[in-house]
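So the chains spell out like this:
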Amino acid sequence: MAVKNVKVPNTEGFWDANASTYSMSNMTHAHEDSELIPIFETLDTMGQVYGMACIGPADGMREPISLLEHLHTKLPRELILNDISSEMLREARKNIVNTGWDKKISIITTVHNPIANVENLVSSIPCRNTTFCIGVYSADNMMDALKLYSENTDRLGCNFKLRTVIYNEKDHALEQIDEFEFNICEYMSVMDKISLLRITPNFYAFGVVTDKDFVSHYFDDKMLNSVLATIFKTHTVKTIKNVNNDKRYITNILKSNTTYGNNYVVTTLNNVLGNIKLNEQLLSLEKINMFFS
Ligand SMILES: C[S@@+](CC[C@H](N)C(=O)[O-])C[C@H]1O[C@@H](n2cnc3c(N)ncnc32)[C@H](O)[C@@H]1O
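Conventions adopted
Residues numbered from 1 in each chain as written. Predicted model: local features only at pLDDT ≥ 70, side-chain atom pairs only at ≥ 80, totals over all residues. Near = placed C-beta within 6 Å. Helix = DSSP H or I, 4+ residues; strand = E, 2+ residues; numbered from the N terminus. Nonpolar A, V, L, I, M, F, W, Y, C, P; charged D, E, K, R; others polar. Domains from an automatic or database assignment. Contact = placed C-beta atoms within 7 Å. Core = buried A, V, L, I, M, F, W, Y, C linked by C-beta atoms within 7 Å. Buried ≥ 20, exposed ≤ 12 C-beta atoms within 10 Å, placed from the backbone. Pairing = 2+ DSSP bridges. Axes fitted to C-alpha atoms, helices over the stretch in contact; angles between N-to-C directions.

Chemist: Please clarify how the site of the ligand should be interpreted in this entry.
Modeler: Taken together, 23 residues are adjacent to the ligand, and W15, G56, A58, P114 and N270 come closest. Broken down by secondary-structure element, the contributors of at least two residues to the shell around the ligand are helix 1 (11-22), helix 4 (61-71), strand 2 (78-83) and helix 10 (272-275). Broken down by class, the residue content of the shell around the ligand amounts to eleven nonpolar, eight polar and four charged.

What follows is the structure, encoded as structure tokens:
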């Protein structure tokens, strides 16, 4: 029997290695406004926010810092930051201290672990009415994503594997059905193939993994909406697209079906969900729901 050697990408190592230069990368700030506008609008509809949790905050500049600046007079008393990368959490903590937010928030907890492996995340805020904000990249805009990656090979690597992922509704499972390799500098040569794969029945996402352990996924908005609705059963999912004409980004706002409890906001922005390894994606969402609903 042939044994295939499947290398598990070291995503923690990738993000650790990129932590000190993350803030100055052109990739970090591409399309920043369209990623934050729907979150600001959501915060504007809320009264006092009692707690906020940011899953995958990276350098912390967008979430929590931009969100705290926007909240202004409705600041949370609890802030939880969870990241797979201890170096990213170090950057986030440094930026929070440098901007003085550590003096304005009573409890700041950092949790270093992939969210799927976190067993207990105890919040000090009782009776939460949680709004989840989940921002991801769209599978309809692979061309622009690959172009940006071809300009950042020193960071991401050159050798890309691209896989097609479908959602098996019956078993509530994600399945990889196809994979091919290419050099990112030749991304134009795979665009026709990608267009064909995009119409696969039950398409959930395209996934890429590179020789530098960068993992990313690009989602079908309708399928992701239905997966989120399956997991976050006590919430209603609203999917927002094309903010500022940005076809790359999809924001999902999940509002609780009841109005009872203290306002709590959980963010996972700028494609954190996409950066999670495929085998941990559903479990990661289930954990986020379990900890904060
Ligand atoms: C593209 S950055 C997003 C940064 C930030 N949310 C923003 O809006 O700028 C992805 C972040 O997700 C983190 N991450 C990746 N996989 C993770 C996992 N399984 N659990 C928690 N964090 C993860 C990475 O370390 C990195 O900080």
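Chemist: Help me understand the domain arrangement of the protein, please; the structure alone is not making it clear to me.
Modeler: Often, the extent of an interface is quoted as the loss of accessible area on bringing the components together. Its domain assignment divides the protein into domain 1 (14-19 + 30-137 + 221-292) and domain 2 (138-219). Put simply, the middle of domain 1 and the middle of domain 2, counted by C-alpha atoms, are 24 Å apart. Contacts between the two partners involve 21 residues from domain 1, matched on the other side by 23 residues from domain 2. Secondary structure elements with two or more residues in the side of domain 1 that touches domain 2: helix 1, strand 4 (128-137), helix 9 (221-231), strand 10 (249-256), helix 10 and helix 11 (281-292). Here the side of domain 1 that touches domain 2 gets five residues from one element, more than from any other, and that element is helix 9. For the side of domain 1 that touches domain 2, the class distribution of residues is eleven nonpolar, six polar and four charged.

Chemist: Could you clarify how one ought to interpret the nonpolar core in this entry?
Modeler: Soluble globular proteins: nonpolar side chains tend toward being buried together. Formed by 67 residues in total, the largest nonpolar core has its most connected members in Y218, F219, V266 and I288. For this core, the domains that each give at least three residues are domain 1 (14-19 + 30-137 + 221-292) and domain 2 (138-219). Apart from the residues within four sequence positions on either side, F219 is in contact with V136, Y137, S138, A139, Y204, A205, L224 and I250.

Chemist: I would appreciate a short explanation of the sheet that holds strand 5 (residues 159-168) in the present structure.
Modeler: Neighbouring strands of a sheet are bound in pairs by backbone hydrogen bonds; such pairs are parallel or else antiparallel. Pairing within the open sheet is antiparallel, and its four strands lie in the order 6-5-7-8. Only two strands of the sheet have a single neighbouring strand rather than two, namely strand 6 (173-183) and strand 8 (215-219). Recorded for the sheet is a direction-independent mean angle of 20° between the axes of neighbouring strands. Where strand 7 (residues 203-210) meets strand 8, five bridges bridge the pair, whose relative direction is antiparallel. Bridging across to strand 8, F206 finds its partner in Y218.

Chemist: Looking at this structure, I do not really get unusual backbone geometry. What am I missing?
Modeler: Working note: non-glycine residues mostly have negative phi, and peptide bonds are mostly trans. P64 follows E63 through a cis peptide bond whose omega is 15°. With respect to the secondary-structure elements, P64 resides in helix 4. The phi dihedral of D213 falls on the positive side, at around 70°, and the residue is not glycine. Tracing the chain through its elements places D213 in the loop between strand 7 and strand 8. The phi torsion at N245 lies on the positive side, around 65°, for a residue other than glycine. Tracing the backbone shows N245 in the loop between strand 9 (235-241) and strand 10.

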